[in-house]
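# Results of the structural survey
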Amino acid sequence: MVKEKKIYVCSECAYETSKWIGKCPNCGTWGSLEELELKKGSPKNSVKLDDIKVYRLDELEIQETSKRHKTSMDEFDRVLGGGLVEGAVILLTGSPGIGKSTLLLQVLIEYAKASEVLYISGEESVNQVKHRAKRLEMASESMYLMSETNIEKIYQYITMKRPKVVVIDSIQTVYSAEQGSIPGSISQIRECTLKIVELAKSHGIAFFIVGHVTKDGKIAGPKLLEHMVDTVLNFEGEEDFFYRILRAEKNRFGSTNEIGIFNMEENGMSEVKNASEFFLSDRDEKNIGSVVVPVLEGSKVFLLELQTLLTDSPFGMPKRVVQGFDRNRLQILSAIMERKLGLNLGNKDMFVNIPGGLTVRDISADLGLIVSAVSAYRDIPISQKIAAIGELGLRGEIRKVSFIDKRLKELEKLGFSGVYVPYANKREIESKKYGLKIIFLNNLNEMLERMN
């Protein structure tokens, strides 16, 4: 006799409990527990020992990596780790209207050049998808459209036709008739994703799954959705900017934290191949409170302008307004500047900005923020052909950074004349030749002497 067991699962962290409670004890989120029914039967004789396959490690032979399908968009292929792997399940997330469907439509047209592909829309009709494809001037005889939300029908069609690449837009609209809950619930998303993963692995079909995000920028649905797929891509962008950032948050077939830059145009998304020039436009020869920092995102170096503005604070509590930089990191660097350089920042409002909207996560930008803040505090103009690289320690020491060669080559390629670098990187730098004036620094006092 099959019995039904009810459990409650947190939509934020996938915590499970046998009874409903208002606040999740694991992540602390209120009202996130949703009911999930599980069918429970007797496990006796349900699995035979002969059906269980176990392999000895030294008997296994290493198989070659599956063939990767590539497009004409190098930025997209690089974020995937070099191309699309057969049988991969990729989750693409982003806020509404950011351009997820447009990007996937463009990518699917590329894959259709080599084999049959399928676009499944649960939010639009096939005529609406066709209208968007016509607006983007896209057409293909190997691309098929389907407007369907029933996963059983989708499963049956894909099993029969075996397309090489499938897009499901979106996972929150797809449902299973075997589940009694509404589309978008935890049980529906989990069940539908399991069927998609089964199709991908058993038939070698690559899937792109579109997922919505909440107001906090988290994936809508159970947290375990991220663990079920092979790759998680986040499509980011601000309403005030035309460019979009594709970021790999997880990737079983490539490195994580890779990002690709795309520009939103009338005919779709176009890749930005030279992102450094894209972010460094509209700059004067010399500026106060502005310096260029080469930051590393995944395997690629980006040159970004870091700006700092200081004003007298009319109130007792000075403001720290940050755009594109870690606020907690700024608090640490402010304390270092006050302690080691004697800057009185306690009565100053500080505004830090990375023009273009990109968020810097690389701590090698520490030295750049110090240089721009000292420049703004003492009105020292900085040449915009000079960059700064270095991580700061609490004692005011400038610490070694990784991939210094890639950073210096990017600066050299764009015509920079000089750069501040940590003295700890001197040995690996001196073994090569660069067309840059390299200024080695041990600590902040040496930096201050060079600036004055």
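Here, every reference points to the structure presented above.
Residues numbered from 1 in each chain as written. Predicted model: local features only at pLDDT ≥ 70, side-chain atom pairs only at ≥ 80, totals over all residues. Heavy atoms only, no water.

### Description of a nonpolar patch on the surface
Taken together, Leu49, Ile52 and Val54 make up a surface patch of nonpolar side chains, about 360 Å² in accessible area. The residue valine 54 is located in the loop between β3 (33-40) and β4 (68-69) in this model. (Patch = residues over 30% accessible without salt bridge, like charges linked within 9 Å, V, L, I, M, F, W, Y side chains within 5 Å. Areas by Shrake-Rupley, 256 points an atom, 1.4 Å probe, with all protein chains shown as cover. Salt bridge = Lys/Arg side-chain N within 4 Å of Asp/Glu carboxyl O. Helix = DSSP H or I, 4+ residues; strand = E, 2+ residues; numbered from the N terminus.)

### Some words on the sheet that holds strand β6 (residues 89-93)
Strand order across the open sheet formed by nine strands is β8-β7-β9-β10-β6-β11-β12-β13-β14, with mixed pairing between neighbours. The strands lining the two open edges of the sheet, one partner per strand, are β8 (143-146) and β14 (268-271). Put simply, the sheet's adjacent strands are angled 25° from each other on average, direction ignored. The sheet contact formed by strand β9 (residues 165-169) and strand β10 (residues 206-211) spans four bridges and is parallel. Its bridge partner being in β10, valine 167 is matched across the sheet by phenylalanine 208. Across the sheet, helix α3 (residues 126-135) touches β7 (117-121) and β8, and the angle it forms with β8 is around 140°. Lying over the sheet, helix α4 (residues 151-161) contacts β7, β8, β9 and β10, oriented at roughly 175° with respect to β7. (Pairing = 2+ DSSP bridges. Axes fitted to C-alpha atoms, helices over the stretch in contact; angles between N-to-C directions. Contact = heavy atoms within 4.5 Å.)

### Looking at the packing of aromatic side chains
By the definition in use, this model includes four aromatic pairs. With centroids separated by 6.3 Å and ring planes inclined at 80°, the aromatic side chains of tyrosine 423 and phenylalanine 440 adopt a geometry described as edge-to-face. Of this pair, tyrosine 423 sits in the loop between β24 (418-422) and α11 (426-430) while phenylalanine 440 is found in strand β25 (residues 437-441), placing the two residues 17 residues apart along the sequence. Assessed through its relative accessible area of 40%, tyrosine 423 is described here as partly exposed. A relative accessible area of 19% means that phenylalanine 440 is categorised as buried. Among the aromatic residues, ring-to-ring pairing joins Phe76, Tyr111 and Phe208 into one connected group. (Phe/Tyr/Trp six-rings, centres within 6.5 Å; stacked < 30°, edge-to-face > 60°. Buried < 20%, exposed > 50% of the residue type's maximum accessible area, 1.4 Å probe, protein only.)

### As for empty space enclosed by the protein
Within the structure shown, the criterion is met by one cavity of 30 Å³ or more. The volume enclosed by the largest cavity comes to roughly 40 Å³. The wall of the largest cavity is formed by Arg68, Leu80, Gly83, Leu84, Val85, Ala88, Ile90, Thr231, Asn251 and Phe253. Residues belonging to the lining of the largest cavity are distributed by class as follows: six nonpolar, three polar and one charged. (1 Å grid on protein atoms, 1.4 Å probe; cavity = no way out; pocket = protein on both sides within 12 Å on 5 of 7 lines; lining within 4 Å. Points joined across faces, edges and corners; volume = space filled by probe spheres on them. Nonpolar A, V, L, I, M, F, W, Y, C, P; charged D, E, K, R; others polar.)

### Describing the pattern of salt bridges
A pair can form between side chains of opposite charge whenever their charged atoms are brought close. Scanning the model with the defined rule gives 21 salt bridges in all. Residue aspartate 58 pairs with arginine 56 through a salt bridge whose shortest N-O separation is 2.8 Å. Using a relative accessible area of 58% as the deciding quantity, one classes aspartate 58 as exposed. Put simply, glutamate 124 and arginine 132 hold a salt bridge, and the shortest N to O gap is 2.2 Å. A relative accessible area of 8% places arginine 132 in the buried class. One salt-bridge network, held together by shared partners, links Glu75, Arg78, Glu258 and Lys300.

### A short note on the nonpolar core
The biggest cluster of nonpolar side chains holds 47 residues, and the ones touching the most others in it are Ile261, Leu304, Met337, Leu341, Leu367, Ile370 and Met447. Tallying contributions element by element places helix α9 (residues 366-378) first for this core, with seven residues. Filtering out sequence-adjacent residues up to four positions away, methionine 447 remains in contact with Leu341, Leu367, Ile370, Val371, Val374 and Leu441. The next biggest cluster of nonpolar side chains, apart from the first, holds 36 residues, and it includes Phe76, Val79, Leu92 and Val107. (Core = buried A, V, L, I, M, F, W, Y, C linked by side-chain atoms within 4.5 Å.)

### Notes on α3
Every buried residue of α3 is accounted for by Val129, Arg132 and Ala133. The buried residues of α3 occupy an angular sector of 100° when the element is viewed end-on, so they sit on one face. Opposite the buried face of α3, by more than 90 degrees, sit the exposed residues Asn127, His131 and Lys134. Contacts from the buried residues of α3 go to α2 (100-111), β7 and β8. Taken from the residues just after α3, glutamate 137 is the one with a positive phi, measuring 60°. (Arc of directions from axis to C-beta.)

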